[in-house]
Amino acid sequence: MTRLERLRASLGVRLLVTDPVNVLYLAGLASSNAALLVDPDGPVRLYTDFRYLEAAQAVPGVEVELARRALIADLAERLDGELAFEADSLAFGAVETLRAGGLELVASSGSVEALRAVKDDDEIARIRRASLAAERAFEALSAETWIGRSEREIAWRLRVLLHAHGVDELAFDAVIAGGPNGARPHARPSDDLVGPHSLVIADFGARVEGYCSDCTRTLSTGELPRELRAIYEVCLEAQLAAVAGIAPGMTGAEADHVARRVIEAAGYGEQFGHGLGHGVGLMVHELPRLSRDSTDVLEVGQVITLEPGIYLPGLGGVRIEDLALVVADGVELLTAFPKELVAVG
């Protein structure tokens, strides 16, 4: 079955798909102004304006209709009856426009995202290519001098190397966070210089043929203070436990606990304040979520991150992240850069 056919089979009422990433996933149309009307009992219609009309007409299995640039207002006039909409992405103003047109609206959440969570062979191959390109770039960066360079300079150098290794674009702006800045999980690269005897977190991802990778490594800049060395070893133990212990059928909360219990047992539970991971695909954050409160269930074919971290304000932090494919007997890693502590000069 095609993606559209699988979606249709899951629906009980017509669904208006307006999220651009979901439109891209279902129809292969990259657009800032398109909508799919997926009818479980009728044809699938693709609405877009003149700018994307020719590309839309090449999409198989849909009936294309030219719409005004004010797409939602146009649909409010064209459509009637009961209609489900994507409540997680359609703006409140757009919902009110549809409602004012007399539609009987039903909020819907996650129908397309659930399909996106399980990757097909082509998607997995693209993610593999993105991960490999990103790793090669980071390997080249790790051979360079880091001490005395600013976080911002290192992040820019990584961007250059990613493009040099065939990346279409960055999946997200890279995090380079040294010393105390590493205690902030999503620190932005600053003009602070990377100093000796500290940890440096590098979180980076690539996008190749539309699909993302995501990887984090924490490097050292020489001999470390005892507590920094200790949190690295604990974080690595937790990450390896996740790699060895996670399997399909687990909930996101159960998967999170595999790593979290190691960190909690070492006395750093309060310093691991985020979830273990998330899905990766067309976007760098997708379903499933691996966190303390996640009821998402891991399935074969999902691509997930495994990224425990420990953060000590004023001192530094560590995060170790692999990209992994959920397989029948556990997970297969899509990242290969060493996780034992690597020193840079």
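Quick summary incoming for the structure in this document. (Residues numbered from 1 in each chain as written. Predicted model: local features only at pLDDT ≥ 70, side-chain atom pairs only at ≥ 80, totals over all residues. Heavy atoms only, no water.)

### Description of the packing of aromatic side chains
Part 1 of the argument: Enumeration over the complete set of coordinates arrives at 3 aromatic pairs.
Part 2 of the argument: When the ring of F138 is compared with that of F204, the centres are 4.6 Å apart and the planes differ by 20°; the resulting orientation is stacked. On the criterion of sequence distance, the pair formed by F138 in helix α7 (residues 121–142) and F204 in strand β9 (residues 199–204) is long-range, its members being 66 residues apart. Both residues of the pair, F138 and F204, count as buried.
Part 3 of the argument: Connected via pairs of aromatic rings, a cluster forms that spans F138, W146, F204 and F337.
Part 4 of the argument: Positioned above the aromatic ring of F272, the side-chain terminus of R260 is 4.0 Å from the ring centre. (Phe/Tyr/Trp six-rings, centres within 6.5 Å; stacked < 30°, edge-to-face > 60°. Helix = DSSP H or I, 4+ residues; strand = E, 2+ residues; numbered from the N terminus. Buried < 20%, exposed > 50% of the residue type's maximum accessible area, 1.4 Å probe, protein only. Lys NZ or Arg CZ within 6 Å of the ring centre and 35° of its normal.)

### Here's the deal with the nonpolar core
Part 1 of the argument: Membership of the largest hydrophobic core comes to 36 residues, with the highest contact counts inside it found for L7, V17, L26, L29, L36, V38 and L46.
Part 2 of the argument: Those elements that place two or more of their residues in this core are α1 (3–10), β1 (15–17), α2 (20–27), β2 (34–38), α6 (111–117), α7, β11 (211–212) and β18 (322–327).
Part 3 of the argument: Per element, the largest residue contribution to this core is 5 residues, and it comes from α2.
Part 4 of the argument: With residues near it in sequence (within four places) discarded, L7 still touches L15, V17, L26, V38, S111, V112 and L115.
Part 5 of the argument: The next biggest cluster of nonpolar side chains, apart from the first, holds 32 residues, and it includes L228, V258, Y268 and F272. (Core = buried A, V, L, I, M, F, W, Y, C linked by side-chain atoms within 4.5 Å. Contact = heavy atoms within 4.5 Å.)

### Looking at the sheet that holds strand β3 (residues 45–48)
Part 1 of the argument: The mixed open sheet is built from 6 strands, whose spatial order is β4-β3-β2-β1-β5-β6. Edge positions in the sheet fall to β4 (63–66) and β6 (104–108), since each has one partner strand and no second. Pairs of neighbouring strands in the sheet enclose a mean axial angle of 25°, with direction left out of account.
Part 2 of the argument: Across 2 bridges, β1 lies against strand β5 (residues 82–86) in parallel orientation. Of the residues in β5, the one forming a bridge with L16 is F85.
Part 3 of the argument: Its contacts with the sheet put α2 on β1, β2 and β5, and the angle it makes with β2 is roughly 60°. (Pairing = 2+ DSSP bridges. Axes fitted to C-alpha atoms, helices over the stretch in contact; angles between N-to-C directions.)

Remember that the coordinates give geometry; whether it matters functionally is a separate question.
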